[in-house]
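Coordinate inspection notes
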Amino acid sequence: MASLDKPPVGTTTVKWRFPAMHPEGRKYVLIVGVAALLAAVWLGWFWTWPLIGLGIWVAAFFRDPVRVTPQGDGLIVAPADGLVTMVQRVPLPPELAGPNGLGDKPLVRVSIFMSVFDVHINRTPVAGTIRQVVYISGKFLNADLDKASDENERQHIVVETRDGQRIGFTQIAGLVARRIVGFVKPGDMVVAGQRVGLIRFGSRVDVFLPEGIEPQVALGQRSIAGETVLGRPAMPAASGIAQ
């Protein structure tokens with residue numbers, strides 16, 4: 001009998017570790033750190049402590065935890081941490097429609113709202129090849145509003161899987177967010193759950209599920225980027241009743 005004190009051969013133990021900070025956040029932490037140092041020298045600790053707290057929050061905002069992406073044919077995973085605020089069939093944005101995009105029929109859109117306390121690293125929902133990256137400048141309305149999909153600064157990404165299926169998702173800047181940072185370009189090959197960008201300080205990500213994919217999340221559910229399954233292929237209808 002295998003010992004309960006040791007893992008089986010070929011396995012290892014996994015321990016929690018403090019999330020690393022994404023390099024994109026280092027300059028902001030440095031700026032706040034310098035401001036805190038100057039405040040300590042010239043203004044005193046009354047002004048220094050709030051700046052130290054701000055620096056800790058900025059470092060936490062840019063945290064980049066390790067994620068384990070589920071494996072399975074046809075699975076579509078969440079590209080963002082946050083609250084599921086919409087699961088509804090809607091017309092496609094013009095930038096994602098057409099023969100070079102996702103087609104012309106309405107698709108189910110799953111919207112994930114990221115507060116300033118959520119991880120803001122975005123990940124690809126499927127493995128494949130990046131076919132489109134379309135950036136649109138715009139307003140900075142509350143990302144929780146439906147019209148933010150059409151009016152806010154946003155970036156559309158289309159990924160084509162190995163079997164030719166295309167999945168589109170959109171990064172949308174919000175009320176506080178002021179920049180979408182992309183890590184990929186057309187032609188890049190990605191694996192499911194790979195980091196593809198981030199949005200600074202509060203935002204939303206929309207995912208358009210292809211036909212034949214059933215949503216696996218509900219309104220009000222929280223998603224975890226790279227781990228939560230948003231959709232999976234619909235089960236075929238039973239051809240008869242088992243005897």
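Because the structure is a prediction, the values reported are computed rather than measured.

1. Focus: the overall build of the chain
Scanning the chain for helices and strands turns up three helices and 16 strands. The 243 residues of the chain split such that 42% are buried. In the chain, once contacts between residues fewer than 6 apart in sequence are set aside, the share between residues at least 24 apart is 72%. For the chain, the accessible area works out to roughly 13800 Å², and carbon and sulfur atoms hold 62% of it.

2. Let's talk about the packing of aromatic side chains
What the rule picks out here adds up to two aromatic pairs. Ring geometry for W45 versus W49: centroids 5.5 Å apart, planes at 35°, classification tilted. Of this pair, W45 and W49 both sit in helix 2 (residues 45–61), four residues apart, roughly one helical turn. W45 gets classed as exposed once you look at its relative accessible area, which sits at 51%. Residue W49 is classed as exposed on the basis of its relative accessible area of 56%. Centroid distance F46 to W47: 5.3 Å. Interplanar angle 90°. Geometry classified as edge-to-face.

3. Observations regarding the pairing of strand 9 (residues 166–173)
Of all eight residues making up strand 9, seven are buried, and the element is well covered by its neighbours. If you look at the hairpin formed by strand 8 (residues 154–160) and strand 9, you'll find five residues sitting between the two strands, and G164 has a positive phi there, around 90°. Pairing geometry for strand 9 and strand 13 (residues 203–209), over six bridges, is antiparallel. Across the sheet, the residue bridging to A173 is S203, located in strand 13.

4. So, the sheet that holds strand 6 (residues 121–123)
The strands that make up a sheet pair up through hydrogen bonds in the backbone, lying either parallel or antiparallel. Taking strand neighbours across the sheet as the criterion, the three strands line up as 6-12-10 in an open arrangement whose pairing is antiparallel. Every interior strand has two partners, whereas the edge strands, strand 6 and strand 10 (180–182), have only one. Each adjacent strand pair in this sheet contributes to an overall mean axis angle of 25°, direction not counted. In this structure, strand 6 lies alongside strand 12 (residues 195–199), joined through three bridges in antiparallel fashion.

5. Topic: helix 2
Compared with an ideal rise of 1.5 Å per residue, which puts 17 residues at 24 Å, helix 2 spans 24 Å between its outermost C-alpha atoms and is within 8% of the ideal. Every buried residue belonging to helix 2 is among T48, G55, V58 and F61, and all of these are buried. When helix 2 is viewed along its axis, its buried side chains cluster within an angular range of 140° and face the same direction. Turned more than 90 degrees away from the buried face of helix 2 sit W45, F46, W49 and I56, all of them exposed. In this fold, the buried residues of helix 2 make contact with helix 1 (26–42), strand 2 (63–64) and strand 12.

6. Digging into the side chain of H156
Here H156 is to be found in strand 8. Owing to a relative accessible area of 1%, H156 belongs among the buried residues under this scheme. Among the polar contacts made by the side chain of H156, one reaches the side chain of T170 at a distance of 2.7 Å. The contact partners of H156, leaving out residues within four places of it in the chain, are P93, E95, L96, Q132, V133, V134, I136, F169 and T170.

Criteria and thresholds
Residues numbered from 1 in each chain as written. Predicted model: local features only at pLDDT ≥ 70, side-chain atom pairs only at ≥ 80, totals over all residues. Heavy atoms only, no water. Helix = DSSP H or I, 4+ residues; strand = E, 2+ residues; numbered from the N terminus. Buried < 20%, exposed > 50% of the residue type's maximum accessible area, 1.4 Å probe, protein only. Contact = heavy atoms within 4.5 Å. Areas by Shrake-Rupley, 256 points an atom, 1.4 Å probe, with all protein chains shown as cover. Phe/Tyr/Trp six-rings, centres within 6.5 Å; stacked < 30°, edge-to-face > 60°. Pairing = 2+ DSSP bridges. Axes fitted to C-alpha atoms, helices over the stretch in contact; angles between N-to-C directions. Expected span 1.5 Å × (residues − 1). Arc of directions from axis to C-beta. Polar contact = N/O pair within 3.5 Å; in protein donor to acceptor, adjacent residues only side chain to side chain.

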